Amino acid sequence: MALWKRREPAPDGAASRAVFGVGMQVLVRLDRSRYPESMVEDPIGVIVGAGDTDGAALYAPVSGREAIWTVQFDEPFYGLDGSGPHESARVAQTSLEPAPEA
C-alpha cells in the first residue's frame with residue numbers, strides 16, 4: 001500500500017444513504033484535525049459488531065447519540081498518533097463510508 005495516495009471523499013450524502021450492518025466492508029475516515037500532515041491512509045475493514053448508541057468511539061469524536069460499530073481491519077492499522085497496531089476499533093457511523101469497489 002502506498003502511503004502517499006489519498007482517497008477522495010465520497011460524493012455528498014453517499015455515506016448518509018448507506019445502510020450499515022454486520023458484514024459490510026467500510027472505509028474509516030480518520031479525524032485529521034490534530035494530525036493534518038499524517039500520511040497514514042484511512043483504513044478499510046469489515047463491520048463485525050452491531051452498532052449501539054452509547055459510549056465513545058476510538059478514532060473520532062462522537063457528538064450526540066449515534067451508532068457505534070466494531071470494525072475489524074483488513075490489515076493491522078497504526079493510528080495517526082503512531083499508536084497500534086490495532087486489529088479492530090469501535091467507530092462512530094459518521095466516520096464510516098462504504099468501501100470503494102476494488
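Residues numbered from 1 in each chain as written. Predicted model: local features only at pLDDT ≥ 70, side-chain atom pairs only at ≥ 80, totals over all residues. Heavy atoms only, no water.

## Here's the deal with the overall build of the chain
1) Next: The number of helices and strands found in the chain is one helix and five strands.
2) Next: Its helices and strands in sequence order give the chain the pattern α-β-β-β-β-β, from N to C terminus.
3) Next: Within the chain, the proportion of its 102 residues that are buried is 37%.
4) Next: Within the chain, counting contacts between residues at least 6 apart in sequence, those at least 24 apart form 58% of the total. (Helix = DSSP H or I, 4+ residues; strand = E, 2+ residues; numbered from the N terminus. Buried < 20%, exposed > 50% of the residue type's maximum accessible area, 1.4 Å probe, protein only. Contact = heavy atoms within 4.5 Å.)

## Some points on the packing of aromatic side chains
1) Next: With the rule as written, the count across this model stands at one aromatic pair.
2) Next: Ring plane angle 45° and centroid distance 5.2 Å describe the contact between Phe73 and Phe77, whose orientation is recorded as tilted.
3) Next: Taking relative accessible area as the criterion, Phe73 reaches 7% and is therefore assigned buried. (Phe/Tyr/Trp six-rings, centres within 6.5 Å; stacked < 30°, edge-to-face > 60°.)

## Thoughts on the confidence of the model for the chain
1) Next: Scored by pLDDT, the chain has a mean of 79; 69% of the residues are at 70 or more.
2) Next: Looking at the elements of the chain, mean pLDDT is at its lowest for helix α1 (residues 14-17), recorded as 56, and at its highest for strand β1 (residues 25-28), recorded as 96.
3) Next: Confidence over residues 1-8 falls short of pLDDT 50; this stretch has 19 contacts with residues more than four positions distant or in other chains. (pLDDT = per-residue confidence, 0-100.)

## With respect to unusual backbone geometry
1) Next: Gly84 connects to Pro85 through a cis peptide bond whose omega is 10°.
2) Next: Within the secondary structure, Pro85 sits in the loop between β3 (68-77) and β4 (86-92).

## Some remarks on the nonpolar core
1) Next: One finds Phe20, Val26, Val28, Ile47, Val71 and Leu96 to be the most contacted residues of the largest nonpolar core, which totals 16 residues.
2) Next: Here the element with the most residues in this core is β3; it accounts for four residues. (Core = buried A, V, L, I, M, F, W, Y, C linked by side-chain atoms within 4.5 Å.)

## Quick look at the environment of Leu30
1) Next: Note on placement: Leu30 falls in the loop between β1 and β2 (44-52).
2) Next: The buried category is assigned to Leu30, whose relative accessible area is 10%.
3) Next: Note: C-alpha distance between Leu30 and Gly79 (49 residues apart in sequence) is 8.8 Å.

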